[in-house]
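Observations on chain architecture
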Amino acid sequence: MATPRIEITLGDITTEDVDAVVNAANSSLLGGGGVDGAIHAAAGPDLLAECRRVRASDYPDGLPTGRAVITGAGRMPARHVVHTVGPNRHAGQTDPALLESCFRESLQVADEAGCRSVAFPAISAGVYGWDVHEVARVAVRTVQAASCENVDLVRFVLFDKRSEDAFQLALG
Ligand code: ADP
């Protein structure tokens, strides 16, 4: 058991050649905008079909905020997608423990699936309205507190320079 090393990069997470890409999904698991839309567009229809099955069999009321579930990755270079539902600040979800849970649970399900490398976006820093600096602090401290059997690399893949700077600052 060890703490994964952290990398920070600017780019499009759908092109990452890692074992698992984390998706900032919504509770429906049926796709949405932002990184969720980009992941479904890149992965193709197999991903949506698998998400529908997971939703119907395991989460008929939707995946709760802070939880994570793993699927295949369709046509993306990654092997898996870990779908997690970040807290929505516009809906009053302001507790950092919810965001911490997203990073912790995503890492845990990827680790249990035998993944060695995991790429995360800035969960909740887009449509869900969290300040990217707070997301970065929570993300870095949660990964640094984690202990994994298989995951030895966590790469934060940021879509713009401001987010990349926020994560670099949080990493110190
Ligand atoms: P949320 O609803 O959790 O806020 P969003 O998808 O709206 O999720 O935004 C989360 C973050 O993902 C934002 O910082 C956004 O800029 C970023 N993002 C959007 N598309 C991509 C992509 N293709 N790769 C990596 N990050 C992305």
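This one's a predicted model, so the numbers in the text were calculated from it and none came from an experiment. Starting afresh in each chain, residues are numbered from 1 along the sequence in its written order. Totals for whole chains, interfaces and linings use all residues, but because this is a predicted model, local features are given only for residues with pLDDT of at least 70 and pairs of side-chain atoms are given and counted only at 80 or more. Values reported for side chains reflect all heavy atoms of the structure, with hydrogen atoms and water molecules removed beforehand.

Further remarks concern helix 3 (residues 96–112). Compared with the 24 Å implied by 1.5 Å per residue over 17 residues, the 24 Å span of helix 3 between its first and last C-alpha is a close match. Every buried residue of helix 3 is accounted for by Leu-99, Ser-101, Cys-102, Phe-103, Ser-106, Leu-107, Val-109, Ala-110 and Asp-111. For helix 3, the secondary structure elements touched by its buried residues are strand 2 (20–25), strand 3 (68–72), strand 4 (80–85), strand 5 (117–120), helix 4 (132–144) and strand 6 (153–158). Whenever a nitrogen or oxygen atom comes within 3.5 Å of another N or O atom, the pair is scored as a polar contact, on the condition that within protein one atom can donate a hydrogen and the other can accept it, and that pairs from neighbouring residues in sequence are kept only if both atoms are in side chains. Only DSSP runs of H or I reaching four residues or more are called helices, and only runs of E reaching two or more are called strands; each is numbered from the N terminus. Its side-chain oxygen placed 2.9 Å from the backbone nitrogen of Ala-97, Asp-95 serves as the N-cap of helix 3. Where helix 3 ends, the next residue or the one after it, Gly-114, has phi of about 85°, a positive value. The span one expects for a helix is its residue count, reduced by one, times 1.5 Å. For every residue, the accessible area obtained with a 1.4 Å probe (protein chains only) is divided by the maximum for its type, and the residue is called buried under 20%, exposed over 50%, and partly exposed between those limits. Throughout, a residue-residue contact means that at least one pair of heavy atoms, one from each residue, lies within 4.5 Å.

Below, the discussion takes up the packing of aromatic side chains. A pair of Phe, Tyr and Trp rings is counted when the ring centres sit within 6.5 Å of each other, with Trp represented by its six-membered ring. The angle between the planes then sorts it: under 30 degrees is stacked, over 60 is edge-to-face, the rest tilted. Here the structure, examined in full by the defined rule, presents four aromatic pairs. Between the aromatic rings of Phe-103 and Phe-156, the centroid separation amounts to 6.3 Å while the plane-to-plane angle is 70°, which identifies the pairing as edge-to-face. Of this pair, Phe-103 sits in helix 3 while Phe-156 sits in strand 6, placing them 53 residues apart in sequence. When sorted by exposure, Phe-103 lands in the same class as Phe-156, which is buried. For the ring pair Phe-120 and Phe-156, a centre distance of 5.9 Å and an interplane angle of 40° mean the geometry is tilted. Pair noted here: Phe-120 is in strand 5 and Phe-156 is in strand 6, with a separation of 36 residues, a long-range link. Three or more aromatic residues joined by ring pairs make a cluster, and in this case those are Phe-103, Phe-120, Phe-156 and Phe-167. Cation placement over rings: the criterion is NZ of Lys or CZ of Arg within 6 Å of the ring centroid and within 35° of the ring normal. The ring of Trp-130 has Arg-89 lying over it, and the distance from NZ or CZ to the ring centre is 4.4 Å.

Further remarks concern the pattern of salt bridges. When the charged atoms of two side chains with opposite charge come close together, those side chains can pair. Within this document, salt bridges are pairs made up of a side-chain nitrogen of Lys or Arg and a carboxyl oxygen of Asp or Glu, the two lying within 4 Å of each other. Counted according to the given criterion, the structure contains eleven salt bridges. Between Arg-155 and Glu-7 there is a salt bridge, with the nearest N and O atoms lying 2.9 Å from each other. Residue Arg-155 is located in strand 6, and its partner Glu-7 is located in strand 1 (residues 5–10); the two are separated by 148 residues in the primary sequence. A residue is classified by how much of its surface remains accessible, and Arg-155, at 19% relative accessible area, is buried. The salt bridge involving Asp-152 is made with Arg-116; its shortest N-O contact spans 3.0 Å. One end of the pair, Asp-152, is in the loop between helix 4 and strand 6; the other, Arg-116, is in the loop between helix 3 and strand 5, and 36 residues separate them in sequence.

These results come straight from atomic positions and should not be treated as a statement about function.
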